[in-house]
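Summary of the model geometry
Given next are the chains, with one letter for each unit.
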Amino acid sequence: FAKNGTTYEYVHGKGLVLKNLSQIDKGTFCKKLMIFFIEEDILVPSRKKLLDSIKKFDTKERMEKLYPILSSSDISINYVMLSFVHTLEICVDLFGGFNFKKDYEYKDFSDIENIIKSNLKDYDALYQQQIFYFIISLKRDEINFEPSTLEKAFKTIEEVKEKFNLNNLNPFLEKMLLKKICFSIFKYENHIFKVKSSTITNKEKTLLNILDNILKKYNLNLFFCDKISIIQIIVKIIIEHNKDSLKNILLLFNEVIILDDNHLKDSLYNNNKKFNFHIEPTFFYKLNPENYENKYDLILSDEPSLNSKTIVVNSFNSMQVLSAIYGYIFDKAIENFSYK
């Protein structure tokens, strides 16, 4: 306590009484309590009794009040964040909560404020205010983690960008990955673990080896399931980051009727407006393949023996076509990865 700036005194007949709780110890208390909420369903009786003595509400009933607020706010909901909003009420009650207020135009979020006041009208006004400021900070993409966690995450993500050739990464994609790394570090360092079955492909194993080397460089460790989640996010980011490597894509089908499939054309366009799709019967290509040379960045077909450079698809389903395209983009991207 003394080291962190917290002060206390002895009161006769009562024992030690806190006079001032430092920001550091407020954060420590908050994290410890969050773990209790995360593990509430599996707490041993003694810890369950301790949590019940601290909180003044039923967690499931409180969640029924909070969920409409969180879902209507269009923010990502995860169990770590949910544990925090429960913990926040206790922190407000004990020491006034935290300072989430920033220099934002909060009047622009009056709809969220009204939802909070409506759903939490029977609750403490300060708690309503804290929930409001916290949600707005999430909507404004604030990364609400401790400086030490952020420092480790920033080092990791810079190395990830270098190893996976993700320089000039889209800020939205970078922030998404940064949040995931922060959550993963937070969970590992605070022993928050939920059993989860995970499987990965051989290509993802290649990425996992690179990630493990990065973590080892900075003396970091993460739960295996979180590393898999990070890898799966990186795969998506690699594909999104390298989409510009393709522009004109030719689809060749033996099934002539596919030319009249407007649903396929619309689905491909609506799912990805970056690509120019051209659909033709395969026999046109066979008659004069020279007419197609250097006009297309990628050719897909349901004809396996067309040529060695053609990507084979077995279905006219738009998602399978896009999956084949994304697989090609990813395969080309990993050819230039740094494995050191």
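Residues numbered from 1 in each chain as written. Predicted model: local features only at pLDDT ≥ 70, side-chain atom pairs only at ≥ 80, totals over all residues. Heavy atoms only, no water.

**What to know about the overall build of the protein**
Along the protein, the regular secondary structure elements total 13 helices and six strands. The globule rule puts the C-alpha radius of gyration for 340 residues at 20 Å, and the 26 Å found for the protein is more than 25% above it. Taking the principal axes of the C-alpha coordinates as reference, the protein spans close to 100 × 50 × 40 Å. The proportion of buried residues among the 340 residues of the protein is 45%. Here the analysis covers contacts within the protein between residues at least 6 apart in sequence; of these, 69% occur between residues at least 24 apart. (Helix = DSSP H or I, 4+ residues; strand = E, 2+ residues; numbered from the N terminus. Rg over C-alpha atoms; globule rule 2.2 N^0.38 Å. Buried < 20%, exposed > 50% of the residue type's maximum accessible area, 1.4 Å probe, protein only. Contact = heavy atoms within 4.5 Å.)

**A few points about the packing of aromatic side chains**
As enumerated under the stated definition, the model contains 18 aromatic pairs in all. On the numbers, 5.8 Å between centres and 45° between planes, the contact of Phe 132 with Tyr 133 is tilted. Both residues of the pair, Phe 132 and Tyr 133, belong to the buried class. Of the aromatic side chains, those joined through ring pairs into one cluster are Phe 29, Phe 84, Phe 95, Phe 98, Phe 100 and Phe 134. The cationic tip of Arg 47 hangs over the ring face of Phe 36; the distance from NZ or CZ to the ring centre is 4.4 Å. (Phe/Tyr/Trp six-rings, centres within 6.5 Å; stacked < 30°, edge-to-face > 60°. Lys NZ or Arg CZ within 6 Å of the ring centre and 35° of its normal.)

**Quick word on helix α7 (residues 147–163)**
Each full turn of the α-helix corresponds to 3.6 residues, which orients residues three or four apart in the same direction. Taking 1.5 Å of rise per residue, the 17 residues of α7 would be expected to cover 24 Å, and the 24 Å separating its terminal C-alpha atoms lies within 8% of that figure. Within the span of α7, buried status applies to Thr 149, Leu 150, Ala 153, Thr 156, Ile 157, Glu 159, Val 160, Lys 161 and Lys 163. Backbone geometry just downstream of α7 places Asn 165 in the positive-phi region, at approximately 55°. (Expected span 1.5 Å × (residues − 1).)

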